[in-house]
Number of protein chains: 2
Amino acid sequence: MPRQATVPPGASPDPLDRLFHALADRTRRKLLAQLALRPAKVTDLARPFRMSLPAVSKHLRILEEAGLISRTVDGRVHRMTLTGEPLRQVEIWLDPFRSYWEETLTSLGTDLAKHPRRGRLKAR
Amino acid sequence: MPRQATVPPGASPDPLDRLFHALADRTRRKLLAQLALRPAKVTDLARPFRMSLPAVSKHLRILEEAGLISRTVDGRVHRMTLTGEPLRQVEIWLDPFRSYWEETLTSLGTDLAKHPRRGRLKAR
DNA sequence: GGAATATTAAACTAAATGGTTAAGTATGTT
DNA sequence: AACATACTTAACCATTTAGTTTAATATTCC
(Lines give C-alpha, C1' and ligand atoms only; values in the text may rest on other atoms or scores of the structure.)
Protein backbone atom coordinates (compact mmCIF):
# COMPACT_ATOMS: atom_id res chain seq x y z
CA MET A 1 0.00 0.00 0.00
CA PRO A 2 1.46 3.38 -1.00
CA ARG A 3 2.48 5.00 2.24
CA GLN A 4 0.62 8.23 2.60
CA ALA A 5 2.09 11.69 3.06
CA THR A 6 2.47 12.02 6.83
CA VAL A 7 2.40 15.77 7.30
CA PRO A 8 0.83 18.46 5.12
CA PRO A 9 3.89 20.13 3.59
CA GLY A 10 2.92 23.78 4.19
CA ALA A 11 2.59 23.30 7.95
CA SER A 12 1.57 25.75 10.67
CA PRO A 13 2.87 29.27 10.33
CA ASP A 14 0.60 29.98 13.30
CA PRO A 15 1.91 33.10 15.05
CA LEU A 16 1.32 31.72 18.53
CA ASP A 17 3.11 28.53 17.55
CA ARG A 18 6.08 30.58 16.43
CA LEU A 19 5.91 32.74 19.52
CA PHE A 20 5.77 29.92 22.04
CA HIS A 21 8.34 27.97 20.09
CA ALA A 22 10.67 30.95 20.20
CA LEU A 23 10.27 31.04 23.97
CA ALA A 24 10.79 27.29 24.37
CA ASP A 25 14.56 27.57 24.47
CA ARG A 26 16.75 28.57 27.37
CA THR A 27 19.25 30.38 25.18
CA ARG A 28 16.57 32.43 23.52
CA ARG A 29 14.95 33.33 26.81
CA LYS A 30 18.33 34.47 28.10
CA LEU A 31 18.76 36.59 25.00
CA LEU A 32 15.39 38.20 25.61
CA ALA A 33 16.24 38.86 29.25
CA GLN A 34 19.43 40.52 28.16
CA LEU A 35 17.63 42.63 25.60
CA ALA A 36 15.09 43.66 28.21
CA LEU A 37 17.88 45.54 29.93
CA ARG A 38 19.03 47.37 26.82
CA PRO A 39 19.35 46.90 23.07
CA ALA A 40 22.56 45.18 22.04
CA LYS A 41 24.56 44.08 19.04
CA VAL A 42 24.96 40.46 18.03
CA THR A 43 28.55 39.98 19.20
CA ASP A 44 27.78 41.34 22.65
CA LEU A 45 24.72 39.15 22.96
CA ALA A 46 26.70 36.10 21.91
CA ARG A 47 29.62 36.62 24.28
CA PRO A 48 28.15 34.92 27.39
CA PHE A 49 27.26 31.75 25.49
CA ARG A 50 29.43 28.72 24.96
CA MET A 51 28.20 28.33 21.42
CA SER A 52 29.31 29.59 18.05
CA LEU A 53 28.31 32.97 16.72
CA PRO A 54 26.25 31.50 13.87
CA ALA A 55 24.27 29.53 16.44
CA VAL A 56 23.37 32.71 18.31
CA SER A 57 22.66 34.42 15.01
CA LYS A 58 20.12 31.72 14.25
CA HIS A 59 18.47 32.06 17.64
CA LEU A 60 18.16 35.77 17.07
CA ARG A 61 16.50 35.13 13.75
CA ILE A 62 13.93 32.90 15.39
CA LEU A 63 13.19 35.59 17.96
CA GLU A 64 12.98 38.12 15.17
CA GLU A 65 10.58 36.03 13.12
CA ALA A 66 8.41 35.59 16.18
CA GLY A 67 8.32 39.39 16.35
CA LEU A 68 10.00 39.42 19.75
CA ILE A 69 12.94 41.50 18.66
CA SER A 70 13.68 43.90 15.85
CA ARG A 71 16.91 44.71 14.10
CA THR A 72 18.44 47.97 12.96
CA VAL A 73 21.46 47.56 10.77
CA ASP A 74 23.97 50.36 11.22
CA GLY A 75 26.99 49.77 9.07
CA ARG A 76 28.18 46.29 9.88
CA VAL A 77 26.58 46.28 13.32
CA HIS A 78 23.14 44.80 13.82
CA ARG A 79 21.52 46.29 16.87
CA MET A 80 18.72 44.15 18.32
CA THR A 81 15.86 45.58 20.35
CA LEU A 82 13.16 43.85 22.34
CA THR A 83 9.63 44.32 21.04
CA GLY A 84 7.00 44.16 23.74
CA GLU A 85 3.93 43.37 21.70
CA PRO A 86 4.30 39.59 21.24
CA LEU A 87 4.77 39.08 24.96
CA ARG A 88 1.52 40.92 25.35
CA GLN A 89 0.03 38.34 23.01
CA VAL A 90 1.22 35.62 25.35
CA GLU A 91 -0.40 37.50 28.21
CA ILE A 92 -3.62 37.76 26.24
CA TRP A 93 -3.59 34.06 25.46
CA LEU A 94 -2.92 33.34 29.10
CA ASP A 95 -5.61 35.64 30.41
CA PRO A 96 -8.68 33.38 30.13
CA PHE A 97 -6.81 30.76 32.14
CA ARG A 98 -5.80 33.20 34.84
CA SER A 99 -9.03 33.03 36.79
CA TYR A 100 -8.71 29.28 36.61
CA TRP A 101 -5.38 29.03 38.37
CA GLU A 102 -6.10 31.91 40.70
CA GLU A 103 -9.27 30.08 41.77
CA THR A 104 -7.32 26.88 42.19
CA LEU A 105 -4.78 28.58 44.39
CA THR A 106 -7.27 30.43 46.56
CA SER A 107 -9.37 27.32 46.91
CA LEU A 108 -6.25 25.73 48.31
CA GLY A 109 -6.15 28.49 50.88
CA THR A 110 -3.00 29.98 49.43
CA ASP A 111 -3.97 33.57 48.94
CA LEU A 112 -1.49 34.70 46.35
CA ALA A 113 -4.39 35.73 44.17
CA LYS A 114 -3.56 39.42 44.42
CA HIS A 115 -0.15 38.73 42.83
CA PRO A 116 2.24 40.52 45.19
CA ARG A 117 5.29 39.19 43.30
CA ARG A 118 7.14 41.26 40.69
CA GLY A 119 10.86 40.72 40.97
CA ARG A 120 13.91 41.90 39.13
CA LEU A 121 14.57 40.52 35.71
CA LYS A 122 17.06 37.66 35.86
CA ALA A 123 18.42 35.65 32.95
CA ARG A 124 17.15 32.08 32.98
CA MET B 1 40.01 15.74 12.22
CA PRO B 2 37.46 13.61 14.11
CA ARG B 3 34.13 15.36 13.77
CA GLN B 4 32.99 16.44 17.18
CA ALA B 5 29.74 15.55 18.91
CA THR B 6 27.31 18.22 17.77
CA VAL B 7 24.83 18.24 20.63
CA PRO B 8 25.32 17.21 24.26
CA PRO B 9 23.32 13.96 24.48
CA GLY B 10 21.48 14.58 27.75
CA ALA B 11 20.00 17.87 26.55
CA SER B 12 17.74 20.35 28.33
CA PRO B 13 15.05 18.89 30.55
CA ASP B 14 14.51 22.52 31.56
CA PRO B 15 10.96 22.83 32.93
CA LEU B 16 10.29 26.13 31.18
CA ASP B 17 11.55 24.63 27.93
CA ARG B 18 9.09 21.79 28.34
CA LEU B 19 6.33 24.15 29.33
CA PHE B 20 6.72 26.57 26.44
CA HIS B 21 7.29 23.73 24.05
CA ALA B 22 4.05 22.13 25.20
CA LEU B 23 2.26 25.40 24.46
CA ALA B 24 3.89 25.80 21.06
CA ASP B 25 1.35 23.67 19.27
CA ARG B 26 -2.14 24.64 18.17
CA THR B 27 -3.58 21.21 18.90
CA ARG B 28 -2.23 21.21 22.41
CA ARG B 29 -3.48 24.73 23.09
CA LYS B 30 -6.92 23.66 21.91
CA LEU B 31 -6.79 20.68 24.23
CA LEU B 32 -5.95 22.97 27.12
CA ALA B 33 -8.75 25.35 26.24
CA GLN B 34 -11.13 22.42 26.19
CA LEU B 35 -9.89 21.17 29.54
CA ALA B 36 -10.26 24.65 31.01
CA LEU B 37 -14.00 24.21 30.61
CA ARG B 38 -14.14 20.84 32.32
CA PRO B 39 -12.09 17.66 32.77
CA ALA B 40 -12.55 15.16 29.98
CA LYS B 41 -11.58 11.70 28.86
CA VAL B 42 -9.21 11.05 26.00
CA THR B 43 -11.75 9.94 23.42
CA ASP B 44 -13.90 13.01 23.97
CA LEU B 45 -10.90 15.28 23.73
CA ALA B 46 -9.79 13.60 20.52
CA ARG B 47 -13.15 13.76 18.76
CA PRO B 48 -12.90 17.31 17.32
CA PHE B 49 -9.51 16.65 15.73
CA ARG B 50 -8.81 15.27 12.30
CA MET B 51 -5.95 13.19 13.57
CA SER B 52 -5.57 9.69 14.92
CA LEU B 53 -6.20 8.83 18.54
CA PRO B 54 -2.56 7.92 19.20
CA ALA B 55 -1.56 11.35 17.94
CA VAL B 56 -3.83 13.03 20.48
CA SER B 57 -2.62 10.61 23.12
CA LYS B 58 0.92 11.79 22.47
CA HIS B 59 -0.08 15.43 22.70
CA LEU B 60 -1.74 14.73 26.01
CA ARG B 61 1.39 13.10 27.27
CA ILE B 62 3.44 16.15 26.37
CA LEU B 63 0.98 18.35 28.24
CA GLU B 64 1.11 15.95 31.15
CA GLU B 65 4.90 15.92 31.27
CA ALA B 66 4.89 19.69 31.23
CA GLY B 67 2.65 19.48 34.29
CA LEU B 68 -0.19 21.25 32.52
CA ILE B 69 -2.66 18.42 32.95
CA SER B 70 -3.02 15.46 35.25
CA ARG B 71 -4.58 12.08 34.67
CA THR B 72 -6.81 9.90 36.81
CA VAL B 73 -7.32 6.43 35.48
CA ASP B 74 -10.73 5.04 36.34
CA GLY B 75 -11.15 1.61 34.86
CA ARG B 76 -10.27 1.95 31.20
CA VAL B 77 -11.12 5.65 31.11
CA HIS B 78 -8.38 8.22 31.55
CA ARG B 79 -9.81 11.47 32.82
CA MET B 80 -7.62 14.49 32.16
CA THR B 81 -7.73 17.65 34.27
CA LEU B 82 -6.09 21.01 33.75
CA THR B 83 -3.49 21.96 36.32
CA GLY B 84 -3.18 25.70 36.85
CA GLU B 85 0.27 25.92 38.37
CA PRO B 86 2.47 25.72 35.25
CA LEU B 87 0.52 28.52 33.59
CA ARG B 88 1.26 30.53 36.67
CA GLN B 89 4.93 29.78 36.00
CA VAL B 90 4.52 31.28 32.55
CA GLU B 91 2.96 34.31 34.14
CA ILE B 92 5.86 34.57 36.59
CA TRP B 93 8.38 34.31 33.79
CA LEU B 94 6.48 36.95 31.87
CA ASP B 95 6.15 39.33 34.77
CA PRO B 96 9.52 41.11 34.65
CA PHE B 97 8.82 41.93 31.02
CA ARG B 98 5.36 43.27 31.73
CA SER B 99 6.44 46.75 32.74
CA TYR B 100 8.51 46.80 29.58
CA TRP B 101 5.68 46.32 27.16
CA GLU B 102 3.25 48.34 29.21
CA GLU B 103 5.76 51.20 29.11
CA THR B 104 6.23 50.71 25.40
CA LEU B 105 2.52 50.90 24.79
CA THR B 106 1.92 53.98 26.93
CA SER B 107 4.93 55.73 25.46
CA LEU B 108 3.22 55.20 22.12
CA GLY B 109 0.21 57.00 23.52
CA THR B 110 -1.89 53.87 23.39
CA ASP B 111 -3.17 53.68 26.91
CA LEU B 112 -4.14 50.04 27.20
CA ALA B 113 -1.83 49.79 30.17
CA LYS B 114 -4.68 49.17 32.59
CA HIS B 115 -5.58 45.95 30.71
CA PRO B 116 -9.33 46.33 30.21
CA ARG B 117 -9.47 43.11 28.18
CA ARG B 118 -10.43 39.75 29.69
CA GLY B 119 -12.61 37.76 27.32
CA ARG B 120 -14.23 34.37 27.34
CA LEU B 121 -12.06 31.36 26.81
CA LYS B 122 -12.07 30.35 23.17
CA ALA B 123 -10.26 27.41 21.59
CA ARG B 124 -7.47 28.56 19.32
C1' DG C 1 44.04 48.53 -1.84
C1' DG C 2 44.31 45.35 1.88
C1' DA C 3 43.46 43.67 6.53
C1' DA C 4 40.41 43.39 10.37
C1' DT C 5 35.66 43.28 12.11
C1' DA C 6 30.65 42.13 12.28
C1' DT C 7 27.59 39.30 10.73
C1' DT C 8 24.97 36.10 7.70
C1' DA C 9 24.73 32.05 4.47
C1' DA C 10 25.64 27.34 3.21
C1' DA C 11 26.26 22.64 3.91
C1' DC C 12 26.27 19.13 7.10
C1' DT C 13 24.64 16.20 11.24
C1' DA C 14 22.31 13.99 15.33
C1' DA C 15 18.34 14.20 17.62
C1' DA C 16 13.58 15.54 18.31
C1' DT C 17 8.81 16.45 16.50
C1' DG C 18 4.41 15.25 14.91
C1' DG C 19 2.17 12.41 12.36
C1' DT C 20 0.97 7.53 10.63
C1' DT C 21 -0.61 2.34 11.10
C1' DA C 22 -0.61 -1.91 13.54
C1' DA C 23 -0.32 -4.34 17.73
C1' DG C 24 -0.77 -4.63 22.65
C1' DT C 25 -3.22 -4.24 27.33
C1' DA C 26 -6.83 -3.68 30.36
C1' DT C 27 -11.51 -3.29 31.44
C1' DG C 28 -16.45 -3.67 30.51
C1' DT C 29 -20.52 -6.13 28.41
C1' DT C 30 -23.26 -9.95 26.80
C1' DA D 1 -15.66 -17.11 26.69
C1' DA D 2 -15.95 -13.81 23.30
C1' DC D 3 -16.38 -9.25 21.81
C1' DA D 4 -16.23 -4.34 22.16
C1' DT D 5 -14.25 -0.18 24.25
C1' DA D 6 -10.60 2.90 25.81
C1' DC D 7 -6.55 3.49 25.73
C1' DT D 8 -1.12 3.12 25.16
C1' DT D 9 3.09 1.22 22.89
C1' DA D 10 5.89 0.20 19.08
C1' DA D 11 7.84 0.85 14.80
C1' DC D 12 8.24 3.74 11.15
C1' DC D 13 8.71 8.20 8.43
C1' DA D 14 9.39 13.11 6.73
C1' DT D 15 10.52 17.41 8.49
C1' DT D 16 12.40 20.51 11.72
C1' DT D 17 15.72 21.82 15.22
C1' DA D 18 19.92 23.22 17.16
C1' DG D 19 24.24 22.85 16.80
C1' DT D 20 28.75 22.53 13.96
C1' DT D 21 32.48 24.37 10.49
C1' DT D 22 33.68 26.81 6.46
C1' DA D 23 32.74 30.39 3.22
C1' DA D 24 30.77 34.72 1.77
C1' DT D 25 29.39 39.66 2.31
C1' DA D 26 29.72 44.17 3.90
C1' DT D 27 31.86 47.75 6.36
C1' DT D 28 35.54 50.20 8.75
C1' DC D 29 40.44 51.18 9.55
C1' DC D 30 45.23 51.96 8.09
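Here the structure is a predicted model, which means the values were calculated and not measured.

A. Focus on the overall build of chain A. A count of helical and extended segments in chain A gives five helices and three strands. Counting from the amino terminus, helix and strand elements in chain A follow one another as α-α-β-α-α-β-β-α. For chain A, buried positions account for 38% of its 124 residues.

B. Examining the protein's contact with DNA strand D more closely. Around DNA strand D, a shell composed of 26 residues is seen, among which A:Lys58, A:His59, B:Thr43, B:Ser57 and B:Arg71 lie nearest. When atoms of DNA strand D within 4 Å of the protein are split into backbone and base, the sugar-phosphate part holds 70%. A distance of 2.6 Å is found between a phosphate oxygen of DNA strand D and a side-chain nitrogen or oxygen belonging to A:Ser52. Here B:Arg76 contributes a side-chain N or O atom positioned 2.7 Å from a base oxygen of DNA strand D. Within the residue set of the surface near DNA strand D, elements represented by two or more residues are helix H4 (53-65) of chain A together with helix H3 (42-46), helix H4 (53-65) and strand S3 (77-82) of chain B. In the surface near DNA strand D, the residues fall into eight nonpolar, eight polar and ten charged.

C. Layout of H4(A). Residue and element names in this part refer to chain A. The first and last C-alpha atoms of H4 sit 18 Å apart over 13 residues, in line with the 18 Å expected at 1.5 Å per residue. Taken together, the buried positions of H4 are occupied by Val56, His59, Leu60 and Leu63. What you see down the axis of H4 is that its buried residues fit within an arc of 100 degrees, all on one side. In H4, the exposed residues that point more than 90 degrees away from the buried face are Pro54 and Lys58.

D. Looking closely at the protein's contact with DNA strand C. Taken together, 24 residues are adjacent to DNA strand C, and A:Thr43, A:Ser57, A:Arg71, B:Lys58 and B:His59 come closest. Sugar plus phosphate: this is where 71% of the atoms of DNA strand C within 4 Å of the protein reside. B:Ser52 places a polar side-chain atom, nitrogen or oxygen, 2.7 Å from a phosphate oxygen of DNA strand C. Within the side chain of B:Lys58, a nitrogen or oxygen atom sits 2.4 Å from a base oxygen of DNA strand C. Looking at the surface near DNA strand C, the elements that each hand over two or more residues are helix H3 (42-46), H4 and strand S3 (77-82) of chain A together with H4 of chain B. At five residues, the largest contribution of residues to the surface near DNA strand C is made by H4(B). Its residues assigned to classes, the surface near DNA strand C shows eight nonpolar, eight polar and eight charged.

E. Region of the structure containing the interface of chain A and chain B. Each side of the interface is counted separately: chain A has 37 residues, and chain B has 38 residues. Counting the contacts that link chain A with chain B gives eight salt bridges. For the salt bridge of A:Asp17 with B:Arg29, the shortest nitrogen-to-oxygen distance reads 2.8 Å. Applying the counting rule to chain A against chain B returns ten residue pairs in polar contact (both at pLDDT 80 or more). Secondary structure elements with two or more residues in the side of chain A that touches chain B: helix H1 (15-23), helix H2 (26-37), S3 and helix H5 (85-107) of chain A. The element contributing the most residues to the side of chain A that touches chain B is H5(A), with 15 residues.

F. Here's a closer look at the pattern of salt bridges. In total, this model carries 20 salt bridges over all chains according to the counting rule given. Each of A:Glu91, A:Asp95, A:Arg98, B:Glu91, B:Asp95 and B:Arg98 takes part in salt bridges that share partners, so that together they form one network.

G. Focus on helix H1 (residues 15-23) of chain B. Inspection of H1(B) places B:Leu16, B:Asp17, B:Leu19, B:Phe20, B:Ala22 and B:Leu23 among the buried residues, and these make up the whole buried set. Put simply, B:Asp14 is the residue that caps the front of H1(B), since its side-chain oxygen is 2.7 Å from the backbone nitrogen of B:Leu16.

H. Just the packing of helix H2 (residues 26-37) of chain B against H4(B), in detail. Residue and element names in this part refer to chain B. Put simply, H2 and H4 touch, their axes get as near as 10 Å, and they point 75 degrees apart. Relative to H4, the element H2 lies roughly perpendicular. For the pair H2 and H4, the contacting residues are Thr27, Arg28, Leu31 and Leu32 in the first and Val56, His59, Leu60, Ile62 and Leu63 in the second. Per-class residue counts for the contact of H2 with H4 are six nonpolar, two polar and one charged.

I. Spotlight on the relation of the copies chain A and chain B. When chain A is fitted onto chain B, the two copies agree to an RMSD of 0.0 Å after a turn of 180 degrees and an axial shift of 0.0 Å. The two molecules are tied by a two-fold rotation axis, judged by turn and shift. Both copies share a contact surface, since 100% of the interface residues of chain A are interface residues in chain B too.

Definitions and cut-offs
- Residues numbered from 1 in each chain as written.
- Chains lettered and ligands numbered in written order.
- Predicted model: local features only at pLDDT ≥ 70, side-chain atom pairs only at ≥ 80, totals over all residues.
- Heavy atoms only, no water.
- Helix = DSSP H or I, 4+ residues; strand = E, 2+ residues; numbered from the N terminus.
- Buried < 20%, exposed > 50% of the residue type's maximum accessible area, 1.4 Å probe, protein only.
- Near = heavy atom within 4 Å.
- Polar contact = N/O pair within 3.5 Å; in protein donor to acceptor, adjacent residues only side chain to side chain.
- Nonpolar A, V, L, I, M, F, W, Y, C, P; charged D, E, K, R; others polar.
- Expected span 1.5 Å × (residues − 1).
- Arc of directions from axis to C-beta.
- Contact = heavy atoms within 4.5 Å.
- Salt bridge = Lys/Arg side-chain N within 4 Å of Asp/Glu carboxyl O.
- Axes fitted to C-alpha atoms, helices over the stretch in contact; angles between N-to-C directions.
- Parallel < 35°, antiparallel > 145°, perpendicular 65-115°, else oblique.
- Least-squares fit on C-alpha atoms with pLDDT ≥ 70 in both.

Treat this as a map of the structure, not an account of what it does.
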